[in-house]
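# Examining the three-dimensional arrangement
So the chains spell out like this:
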Amino acid sequence: QHLLWGDERYPESLSVVEDSPPVLSILGDVSILTKPQIAIVGARNASLNARKFTYKLAGDLVQAGFVVTSGLARGVDTSAHEGALAAGGQTVAVLAGGADVIYPRENKELYAKIIKQGCIVAENPVGTQPSAQLFPRRNRIVSGLSRAVIVVEASERSGSLITARLALEQGRDVMAVPGYPDDPRASGPNKLIRE
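Treat the numbers as computed from the prediction; the structure is a model and nothing was measured.

Turning to the side chain of N107, a few remarks are in order. Structurally, N107 is set in the loop between β5 (91–98) and α4 (108–117). Under the relative-accessibility criterion, N107 is labelled buried at 6%. In contact with N107, other than residues within four places in its own chain, are L72, A73, T78 and I102.

Below, the structure is given as structure tokens:
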């Protein structure tokens, strides 16, 4: 189904963002979008510790009454969605391509679970293949839907730090999980903490 900007079901938190999408494609339970959401983002090549921490954190957030929002990517995103679902909670996956395009393909089962127990959101037309320039645009929706963004692991030039910057511009809280100083995947969150 489609949500148009101005529709009463269009998420209020996203509607106030400067370049909010005029149309959202939704698969799953659209009512979830009106519930308080926290985004968890991070590295695709996340360490095992980061993935475990994310899984537990997502479960804790669900227990605290939040919906967990992320981007269905490998690594941290996948663990965030899985942790929320395993805790019996709801999760929102924002896709860079069309709502019907599962990316990465290995998340096919997770995608199906999210449609049953959460919702898939995309601003691009059905059939759109994800491409490099669409990911930063996707990230503004991840942060725009959420009250806060938590960065788990990310290099300093990653999409996760773009999401953190967008979240700050949107007036959202940004949180970061400190990491081992020698691990390049910890450089992003550590930089955010320094700032």
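Structure shown, so let's carry the discussion forward.
Further remarks concern the packing of aromatic side chains. Following the criterion strictly, the structure yields one aromatic pair and no others. Geometry around F135 places R44 over its ring, the cationic atom sitting 5.3 Å from the centre.

Attention now moves to the pairing of strand β3 (residues 37–41). Among the five residues in β3, five count as buried, and that is most of the element. Burial of β3 is two-sided: the residues Q37, A39 and V41 facing one way and the residues I38 and I40 facing the other way are all buried. With helix α2 (residues 48–63) bridging β3 and the parallel strand β4 (residues 67–70), this β-α-β connection has right-handed handedness. Pairing between β3 and strand β7 (residues 148–151): four bridges, direction parallel. Across the sheet, residue I38 finds its bridge partner in β7, namely A148.

Basis of the calculations
Throughout, residues of each chain are indexed from 1 in the direction in which the sequence is written. Since the coordinates come from a predicted model, pLDDT governs what is reported: local features require at least 70, and pairs of side-chain atoms require 80 or more to be given and counted, while whole-chain, interface and lining totals use all residues. Where side-chain values are given, they derive from all heavy atoms of the structure, hydrogens and water being excluded. The secondary structure listing takes helices from DSSP runs of H or I that are at least 4 residues long and strands from runs of E that are at least 2 residues long, numbered from the N terminus. Exposure classes here rest on a 1.4 Å probe applied to the protein chains alone. A residue is buried below 20% of its type maximum, exposed above 50%, and partly exposed in between. Note on definitions: a residue-residue contact is assigned when non-hydrogen atoms from the two residues lie within 4.5 Å. Two rings belonging to Phe, Tyr or Trp (six-membered ring only in the last case) form a pair when the distance between their centres is within 6.5 Å. Interplanar angles under 30 degrees mark stacking, angles over 60 mark edge-to-face geometry, and anything in between is tilted. Note on criteria: charge over ring means Lys NZ or Arg CZ within 6 Å of the ring centre, with the direction from the centre no more than 35 degrees off the ring normal. The handedness of a crossover follows from its direction of travel: if, with the strands pointing away from the viewer, the path from the first strand over the helix to the second runs clockwise, the crossover is right-handed. Strands are labelled as partners when DSSP assigns at least two bridges between them.

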